[in-house]
Amino acid sequence: MIPAIELDRLERRYGERRALAGVTLTLEEGRTLAVLGANGAGKTTLLRVLAGLLRPHSGHARVLGAELPAERWKLPAQVGYLGHAPLLYRELTGRENLRYHARLHGVGRERVSELLGAVGMEGRADDPVRDLSAGMVQRLAAARAVLHDPALLLLDEPRANLDPAGAELLEPLVGRASGRTRVLVTHDIEGGLAEADVVLGLKGGRQVAAGDVDAAEARALYQ
Amino acid sequence: MIRTAATILRKDLRIELRVRESVPAMTLFTVTVYVLFHFGLDRDSLDGELASGVLWVTLLLASVIGVSRLYAAEREQGGVDGLLLAPIDRTALFLAKAGALLLFLVAVEIVAVPAFGLLLLGPGLGGALPELVVILALGNVGVAAVGALVGALAAETRARELTAPLLLLPLLVPLLISCAQATEPLLRPDQGPEDLGRWLGLLTLYDVVFVLLSVAVFDYLLED
């Protein structure tokens, strides 16, 4: 198997504070990595480094064959990012938002229609995003993240605000069924462990668990 | 890159048409300042240097409002991340923002210049309008280039509402001098395009320098 992500003693600081300190792991293509840890553990920072949005300050990081930060220009075409912010403009409709992102990615309009149907938003696609519920916005954000059919998905609480029906709709796009390599940040310990092939536990930016992690070890990350 | 810039520009114009935020605020500010000058100076009409100075200082101060809000949607709704996550040349963002600010300024001037003529101008613009349009166009390009650069810089700071004018206005001083000097002969009772070529040349040089400078450094502003 080819590694999709290789990290070796990865470090990222905000001023003097080390948000990530010596993270080392390998994730093979098509596998799911669950990142667990309490608030402020460095989970979102890790996702942003992997997306090329933040520079690593030391250590080695290679994502889908691209060395970071030197080759991070290679990442946007291959990475889908679903973070806390939906990256949608409130004054535009869902369809306008997706068409805007589709143009930036060089993707055709038919893909937008296909995804609006897939996330069950065809009926509300022409409403401004500001008028939609948080769950609907999350569905649109998921559609945005997979518009360009990325090989790697970086997901920060992808089921936030979703009802069971919404979560089921997103499963083929961002779930295990998508068949993509995934990095999944979640506070849902049982759900995360069930989905993961590899688990990374972070505490204060430090890697305290990796590989096979059981539920008791995972819960200890939050204490 | 031009196609990407056009996509971002279309999105910005669509948002502005829906929220009607920057252009109405800039226009209202400009007309209000002309009304204040009309009463504050206690004169029926202005001409020459004073008229030219009032026209341009007011327009440049109005541009501060536009610059402060230029990146609001990107900052508040994660648009910059959206752009960084797309396989595009970042210069497209600069071109789009400069284009948006340029169009906002044109929209403001369509109302502000007649209002200025009505409230403050003695001799009237008469046959000098074509020359004034050329000066306005060159001035707008300079303000748009500097504004798009400064707006991006200010958007990354905590006190962005303070940073934008503090950075923008000093950079606009050469442009103000050129625009005001080029306009002054047009607003005299014995109006004529005196020294116009020299000032237009200076304005063009300012525009070229700041467009090139902005394109060169814009990429670095988006680095974390």
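(A) Structural context of the environment of Ala125 of chain A. Residues and elements named next belong to chain A. Tracing the backbone shows Ala125 in the loop between α3 (109-118) and α4 (134-145). Separated by 60 residues in the primary sequence, Ala125 and Gly65 have C-alpha atoms spaced 36 Å apart. Setting aside residues no more than four positions away along its own chain, Ala125 makes contact with Thr93, Gly94, Arg95 and Leu116.

(B) Local environment of the interface of chain A and chain B. Contact residues are listed per partner, giving 18 residues for chain A and 19 residues for chain B. In terms of residue count, the dominant contributor to the side of chain A that touches chain B is helix α2 (residues 94-104) of chain A (4 residues). Split by residue class, the side of chain A that touches chain B holds 12 nonpolar, 2 polar and 4 charged.

(C) The arrangement of the domain arrangement of chain A in detail. Residues and elements named next belong to chain A. Along its sequence, chain A is carved into domain 1 (1-78 + 150-223) and domain 2 (87-149). Each partner contributes to the interface: domain 1 provides 13 residues, whereas domain 2 provides 12 residues. The leading source of residues in the side of domain 1 that touches domain 2 is helix α5 (residues 164-174), at 5 residues. Of the residues in the side of domain 1 that touches domain 2, the class split is 10 nonpolar, 2 polar and 1 charged.

(D) Representation of the pairing of strand β2 (residues 17-28) of chain A. Residues and elements named next belong to chain A. In this structure, strand β1 (residues 3-14) lies alongside β2, joined through 9 bridges in antiparallel fashion. Directly across from Leu10, in β2, lies its bridge partner Val23. Linking two consecutive strands that pair antiparallel, namely β1 and β2, is a turn of 2 residues; a positive phi of about 65° is found at Gly15 within it.

(E) Layout of helix α6 (residues 91-120) of chain B. Compared with the 44 Å implied by 1.5 Å per residue over 30 residues, the 40 Å span of α6 of chain B between its first and last C-alpha is a close match. Where α6 of chain B bends most, at Glu109 of chain B, the angle is about 35°.

(F) Highlighting the nonpolar core. Val35, Ala142 and Leu154 of chain A together with Leu101 of chain B are the most contacted members of the largest nonpolar core, which has 140 residues in total. Each residue touching Ala142 of chain A, except ones within four places of it in the same chain, is listed here: Leu82, Val119, Pro158, Leu170, Leu173 and Val174 of chain A.

(G) Fine view of unusual backbone geometry. Omega for the peptide link from Leu68 of chain A to Pro69 of chain A comes to 5°, which places this bond in the cis form. Secondary-structure assignment places Pro69 of chain A in the loop between β5 (66-68) and β6 (79-82). Not every positive phi belongs to a glycine, and Leu64 of chain A is a case in point at roughly 50°. Since 20 C-beta atoms lie within 10 Å of it, Leu64 of chain A is described here as buried. A positive phi is found at Arg20 of chain B, a non-glycine position, where the angle reads about 45°. Relative to the assigned elements, Arg20 of chain B resides in the loop between α1 (2-19) and α2 (22-40).

Cut-offs applied
Numbers given to residues run from 1 along each chain, matching the order in which its sequence is written. Labels are handed out in written order, letters beginning with A for the chains and numbers beginning with 1 for the ligands. With pLDDT at 70 or above as the cut-off, local features in this predicted model cover only qualifying residues; side-chain atom pairs require 80 or more to be listed or tallied, and sums for whole chains, interfaces and linings still use all residues. Secondary structure follows DSSP: runs of H or I at least 4 residues long count as helices, runs of E at least 2 residues long count as strands, and numbering of each begins at the N terminus. The contact criterion used is a C-beta to C-beta distance within 7 Å, with each C-beta placed from the backbone. For this classification, the nonpolar set comprises Ala, Val, Leu, Ile, Met, Phe, Trp, Tyr, Cys and Pro, the charged set comprises Asp, Glu, Lys and Arg, and every other residue, Gly included, is treated as polar. Each domain's extent is set by a domain assignment, obtained either automatically or from a database. Each pair of strands is called paired provided DSSP finds at least two bridges between the two strands. Expected span of a helix, by definition, is 1.5 Å for each gap between consecutive residues, and there is one gap fewer than residues. Working definition for bend: take the seven residues up to and ending at a residue and the seven starting at it, fit an axis to each, and measure the angle between the axes. Each nonpolar core reported here comprises buried Ala, Val, Leu, Ile, Met, Phe, Trp, Tyr and Cys residues connected via C-beta atoms within 7 Å. The burial label depends on the number of other C-beta atoms within 10 Å of a residue's C-beta. Counts of 20 or more mean buried, 12 or fewer mean exposed, and intermediate counts mean partly exposed, with C-beta atoms placed from the backbone.

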